[in-house]
Amino acid sequence: MATQQVALGDRPAWKALQAHFEQVGKKHLRELFAEDPSRGERYTAETGGIFLDYSKNRVTDETLKLLVQLAEESGLREKIEAMFTGEKINITENRAVLHVALRAPKSESIVLDGEDVVPAVHAVLDKMSGFADRVRSGEWKGHTGKRIKNIVNIGIGGSDLGPVMAYEALKHYSQRDLTFRFVSNVDGTDFAEAVQDLSADETLFLVASKTFTTLETMTNAHSAREWSLASLKDDAAVAKHFVAISTNAKEVSKFGIDTENMFGFWDWVGGRYSMDSAIGLSTMLAIGPKHFREMLAGFHEIDVHFRTTPFEKNLPALLGLLTVWYTDFFDAQTVAILPYEQYLKRFPAYLQQLTMESNGKHVTLDGQHVATETGPVYWGEPGTNGQHSFYQLIHQGTRLIPCDFIGFYKTLNSLGRHHDMLMANVFAQAEALAFGKTAEQVKAEGTPDWLVPHRVFEGNRPSNTILADHLTPEVLGKLVALYEHAVFTQGVIWNIDSFDQWGVELGKVLATRILGELESAGKPDGSHDSSTNSLIERYRKNK
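Residues numbered from 1 in each chain as written. Predicted model: local features only at pLDDT ≥ 70, side-chain atom pairs only at ≥ 80, totals over all residues. Heavy atoms only, no water.

The name recorded for the protein chain in an unreviewed UniProt entry is Glucose-6-phosphate isomerase, from Granulicella arctica. Here the protein chain is described in UniProt, under the heading Catalytic activity (unreviewed entry), as follows: "alpha-D-glucose 6-phosphate = beta-D-fructose 6-phosphate". Under the UniProt heading Function (unreviewed entry), the note attached to the protein chain is "Catalyzes the reversible isomerization of glucose-6-phosphate to fructose-6-phosphate." (UniProt positions renumbered as here; feature names shortened; annotations may be inferred.)

Structure (structure tokens):
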């Protein structure tokens, strides 16, 4: 696939946006709403029950027109098609980017290198479904004949963040007589605490590593094997208490796992885009195959929307373009993700990897240093907890932090006034951020003059509000796909490869080398810088 030839700064829409920013950049949202009282109804978009209000953004009709023009000049529509049709748009690894195939219906065809990949996707889904049904029903027995009660997912990165987020998000739908734990950190405490109260004869481990060689994952997997066998006393027990999410049959078999219980995926699935592949096996075990497929249907509905809807009403495209607007014109360096739904407590952490591993890049597709900022920091916590933590900085600090509020019309756990109170805070926080409180308003409340400056809220802090009926597997799929494609939109505008992650590699290589120095009996060779050499020596003396 040809890379974008016209540099971002040379695109007519970019130049027009620069001039436009000089006119509107300092306009207050109070002024924008006064000039256009209907913007709260007009600046909205909706699809599949996901409603987006983006009226509290520092934009005008002209801004939106120019952002859409920028998307068109950047080839966003063509690149969407390239992704959906299996072109190898991950150019540094010469790979297709086909997470959209993971949720394509059986009736669809997506051809890669002359082969339709959809039948293989559904074959794995069917295999996962059969396995999940056996475990959930108790048909699958452990080595001693007991049913499985505990499931421990061992992975890292996308093999952990997606599954743990989905488990927490969909806990309402989970089978409650099964206990789920997630181990990712190579810190032994993570594993030790995960199995502290579990019995080996009732525990099933899911080991998620495509190559079955990932250092952190396999270190934890071998510790799990030792822990299991210390109780079960028979190597044959491994086959009843471990399954693999991998493509390396040789290593899986060597570990002692029956390759019949190996669930594969493909190199066109990036780790951070893999929660709807076999990596989601723990999710399917928790919520069942039916709900898992409902989640896939939600993903697919947003995929179709992103691929076919004009950018003016395209939810992921709008979110992506607004992020570019704030990152590159307002110098906003972060985006806050604020779900007002306790089940989504891990959603911001999941989005951190999705967004920052994708667009944390400093070179363009043709290897040139980028001319603009890319990849803002995504972070957040569920409301209302965050209001008593970091909202102070968002409201009255010196940094501009665009916010995404996520809320639901209905709660899964009705308890008195709780949900109305929760949603009142969503609307109030977005309103307060946008309009603030002037010195005159503060004085009118009888505030002493010396205290007035401390109680002024400047406002003009932008936010999106995303609403849906209630949190279901289908809605979770839609929310994840919404952000996946918003990230893709940003990457296309910045002309970067959103699907590689070379920044992860250097630390891994150095850690492997240093590990040998920490464990060796002989003196380290001292070939690092003076700081690293000194730290290695200090650790060796004190460990």
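On we go from here.
S.K.: Which residues make up the UniProt feature "active site" (unreviewed entry) in the protein chain, and what values go with them?
M.R.: Following the UniProt record, the feature "active site" (unreviewed entry) maps to Glu-357, His-388 and Lys-508 here. For the residues just named, distributed over 152 residues, the greatest C-alpha separation reaches 37.2 Å, placing them at more than one site. As for its placement among the helices and strands, His-388 is situated in the loop between strand E11 (377-379) and helix H16 (391-396). What makes His-388 exposed here is its relative accessible area of 73%. (Helix = DSSP H or I, 4+ residues; strand = E, 2+ residues; numbered from the N terminus. Buried < 20%, exposed > 50% of the residue type's maximum accessible area, 1.4 Å probe, protein only.)

S.K.: Give me the packing of aromatic side chains: which residues, what numbers.
M.R.: Scanning all chains against the criterion turns up 27 aromatic pairs. Ring centres of Trp-325 and Phe-329 lie 5.1 Å apart, and the angle between their planes is 40°; on these two criteria the pair is classed as tilted. Here Trp-325 pairs with Phe-329, and both are found in helix H14 (residues 315-329), just 4 residues apart, close to one helical turn. By the burial criterion, Trp-325 is buried, and Phe-329 matches it. Site record: aromatic cluster; members linked through ring pairs are Trp-14, Phe-21, Trp-325, Tyr-326, Phe-329 and Phe-330. Cation over ring: Arg-39 sits above Phe-33, and NZ or CZ is 5.2 Å from the ring centre. The ring of Trp-140 has Lys-240 lying over it, and the distance from NZ or CZ to the ring centre is 5.3 Å. (Phe/Tyr/Trp six-rings, centres within 6.5 Å; stacked < 30°, edge-to-face > 60°. Lys NZ or Arg CZ within 6 Å of the ring centre and 35° of its normal.)

S.K.: Which residues make up the domain arrangement of the protein chain, and what values go with them?
M.R.: As assigned here, the protein chain comprises domain 1 (53-85 + 309-494), domain 2 (101-291) and domain 3 (502-542). The C-alpha-based centres of domain 1 and domain 2 are spaced at 33 Å. The largest contributions to the domain 1 side of the interface with domain 2 come from Tyr-343, Tyr-350 and Pro-473, which together make up 30% of the buried area. Summed over the shared surface of domain 1 and domain 2, the number is 3 salt bridges. With a closest N to O distance of 3.8 Å, Glu-168 and Lys-345 form a salt bridge. Our count for the contact surface shared by domain 1 and domain 2 stands at 8 residue pairs in polar contact (both at pLDDT 80 or more). (Domains from an automatic or database assignment. Buried area = accessible area lost by both parts, 1.4 Å probe. Salt bridge = Lys/Arg side-chain N within 4 Å of Asp/Glu carboxyl O. Polar contact = N/O pair within 3.5 Å; in protein donor to acceptor, adjacent residues only side chain to side chain.)

S.K.: Run through the sheet that holds strand E9 (residues 262-263), naming residues and quoting values.
M.R.: In spatial order, the strands read E6-E5-E7-E8-E9; together these 5 strands make up an open sheet with parallel pairing. With one partner strand each, in any of the chains shown, strand E6 (179-183) and E9 form the two edges of the open sheet. Of the strand pairs in this sheet, strand E7 (residues 203-208) and strand E8 (residues 242-245) are connected by 4 bridges, and their pairing is parallel. Counterpart to Leu-206 in the pairing with E8 is Val-243. In this fold helix H7 (residues 158-169) packs onto strand E5 (150-154), E6 and E7, with an angle of close to 150° to the strand it touches most, E6. (Pairing = 2+ DSSP bridges. Contact = heavy atoms within 4.5 Å. Axes fitted to C-alpha atoms, helices over the stretch in contact; angles between N-to-C directions.)

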